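Coordinates in review
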Amino acid sequence: MIRNLVRGIGISALLLSSTSLFAQYRRDAPPPDAQGNYEGNANSVNAGGNWTEYSGEDRMTAAKKVRFELPANDAPNSDDQAKVILYCTNGKLKLADFRPDMRLARPDWPGFWGQPQMRVSVRVDNAHSNHSWNWINGHFLAMDKGTARELIGARLFRVEFQTPRGPQIAEFSPGGLDLKSVAQACDLKPKKP
């Protein structure tokens, strides 16, 4: 009898923890930023071209946070479109990520420290390259700083990534970005591929 009671308590605890975990990572919930915070769209301004700049301050540390977002060309003014987002804190780039508008395939490459990565093909204007970007919970891919520098100075940016249905391509038009604003907020300057 005590054994059945302990087993019942264990199963209940397992169900409760899995339910709360599922509630934290619903697909319709917005994914967190680099620090795990959910930021709203307050304080947004056009940063040039198709870019939008969001700024704010961390309520606990008073750190200045700036986020630059570039939507993909495929579904303008829609929440269901790929994005490239640059997260900057206190004048330094903290994370550059690629958020597809669809579910990512499983990671296909182990990183140096064993972190899951996905191999992607990138086109910056007329240059092509392959990269291994960190795969974050199937929600987004963390880009390397070199690709972020190439992106901000480009006219055309394409990413080929893997989904459960096969390879997909997201196309962006990053031209027109206010490079002085990015340099001030992220200490990031463009680089030719």
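Residues numbered from 1 in each chain as written. Predicted model: local features only at pLDDT ≥ 70, side-chain atom pairs only at ≥ 80, totals over all residues. Heavy atoms only, no water.

1. Digging into the state of the cysteines
Applied cut-off: When two cysteine sulfur atoms lie within 2.5 Å, the pair is treated as a disulfide. Where helices and strands are cited, they refer to DSSP runs of H or I of at least four residues and of E of at least two residues respectively, numbered from the N terminus. The buried label applies to any residue whose accessible area, calculated with a 1.4 Å probe on protein chains only, is under 20% of its type's maximum; exposed applies above 50%, and partly exposed to all values in between.
Here the structure, examined in full by the defined rule, presents 1 disulfide. Paired through a disulfide, C88 and C186 show a sulfur-sulfur distance of 1.8 Å. Handedness here is read from the sign of the S-S torsion; for C88 and C186, about 90 degrees, the answer is right-handed. Here C88, found in strand β4 (residues 83–89), pairs with C186, found in helix α3 (residues 179–186); they are 98 residues apart in sequence, far enough to count as distant. Residue classification places C88 among the buried residues on the basis of a relative accessible area of 2%.

2. Re the pattern of salt bridges
This is how it is decided: A side-chain nitrogen of Lys or Arg and a carboxyl oxygen of Asp or Glu constitute a salt bridge if their distance falls within 4 Å.
Under the criterion given, the structure shown has 6 salt bridges. Among the salt bridges present, the one from E69 reaches R67, with a minimum N-O distance of 2.8 Å. Grouping residues by exposure puts E69 and R67 together as buried. For R158, the salt bridge is made with E171, and the minimal N-O distance between the two is 3.0 Å. Here E171 lies in strand β11 (residues 166–172) and R158 lies in strand β10 (residues 157–163), a separation of 13 residues in the sequence. Salt bridges here are not isolated pairs; linked through shared partners, they connect R67, E69 and K83.

3. Looking at the pairing of strand β3 (residues 64–71)
Threshold: Pairing between strands is defined by DSSP: at least two bridges between them are needed.
Most of β3 is tucked away: 6 of the 8 residues are buried. Inspection of the sheet shows strand β2 (residues 52–57) paired to β3 by 6 bridges, in the antiparallel sense. Following the sheet pairing, E57 is matched in β3 by K64. The turn joining β2 and β3, which pair antiparallel and follow one another in sequence, is formed by 6 residues; a positive phi near 65 degrees is taken by A62. Pairing analysis gives 7 bridges linking β3 to β4, with the strands arranged antiparallel. Residue pairing across strands places F68 opposite L86, the latter belonging to β4.

4. Considerations on helix α2 (residues 145–152)
To keep it simple, the criterion reads: What qualifies as a polar contact is a pair of N or O atoms within 3.5 Å, subject to a donor-acceptor requirement within protein and to the restriction that residues adjacent in sequence count only when both atoms come from side chains.
Taken together, the buried positions of α2 are occupied by T147, A148, E150, L151 and I152. The N-cap residue of α2 is D144: its side-chain oxygen and the backbone nitrogen of G146 are 3.3 Å apart.

5. So, the pairing of β2
If a strand is regular, its side chains alternate between the two faces of the sheet. Where strand β1 (residues 44–46) meets β2, 3 bridges bridge the pair, whose relative direction is antiparallel. Pairing of V45 across the sheet is with E53, part of β2. Hairpin connection from β1 to β2: 5 residues lie between these consecutive antiparallel strands, with G48 at a positive phi of about 100 degrees.

6. A closer look at the side chain of S181
Note the cut-off: By definition, residues are in contact when any of their heavy atoms lie within 4.5 Å.
Structurally, the position occupied by S181 is in helix α3. At 3.1 Å, the side chain of S181 and the side chain of E53 are in polar contact. Those residues in contact with S181 that lie beyond four places of it in its chain are E53 and F68.

7. A closer look at α3
Heads up, the condition is: Each direction from the helix axis to a C-beta atom contributes to the arc, which is the arc of those directions.
Taken residue by residue, α3 has S181, V182, A185 and C186 as its buried positions. Down the axis, α3 shows its buried residues gathered within 95 degrees of arc, on one side only. Of the exposed residues in α3, the ones pointing more than 90 degrees away from its buried face are K180 and Q184. The secondary structure elements touched by the buried residues of α3 are β2, β3, β4, β5 (92–99) and α2.

8. A look at the nonpolar core
Stated precisely, the cut-off is as follows: Put simply, a nonpolar core is a bunch of buried Ala, Val, Leu, Ile, Met, Phe, Trp, Tyr and Cys residues held in one set by side-chain atoms that sit within 4.5 Å of each other.
Counting residues in hydrophobic clusters, the biggest one holds 38 residues, and the most contacted among them are F68, L86, F98, W133, F157, F161 and F172. Here this core gets 4 residues from one element, more than from any other, and that element is strand β7 (residues 116–124). In terms of nonpolar packing, the next biggest core, distinct from the first, is built from 5 residues, I85, Y87, F140 and A142 among them.

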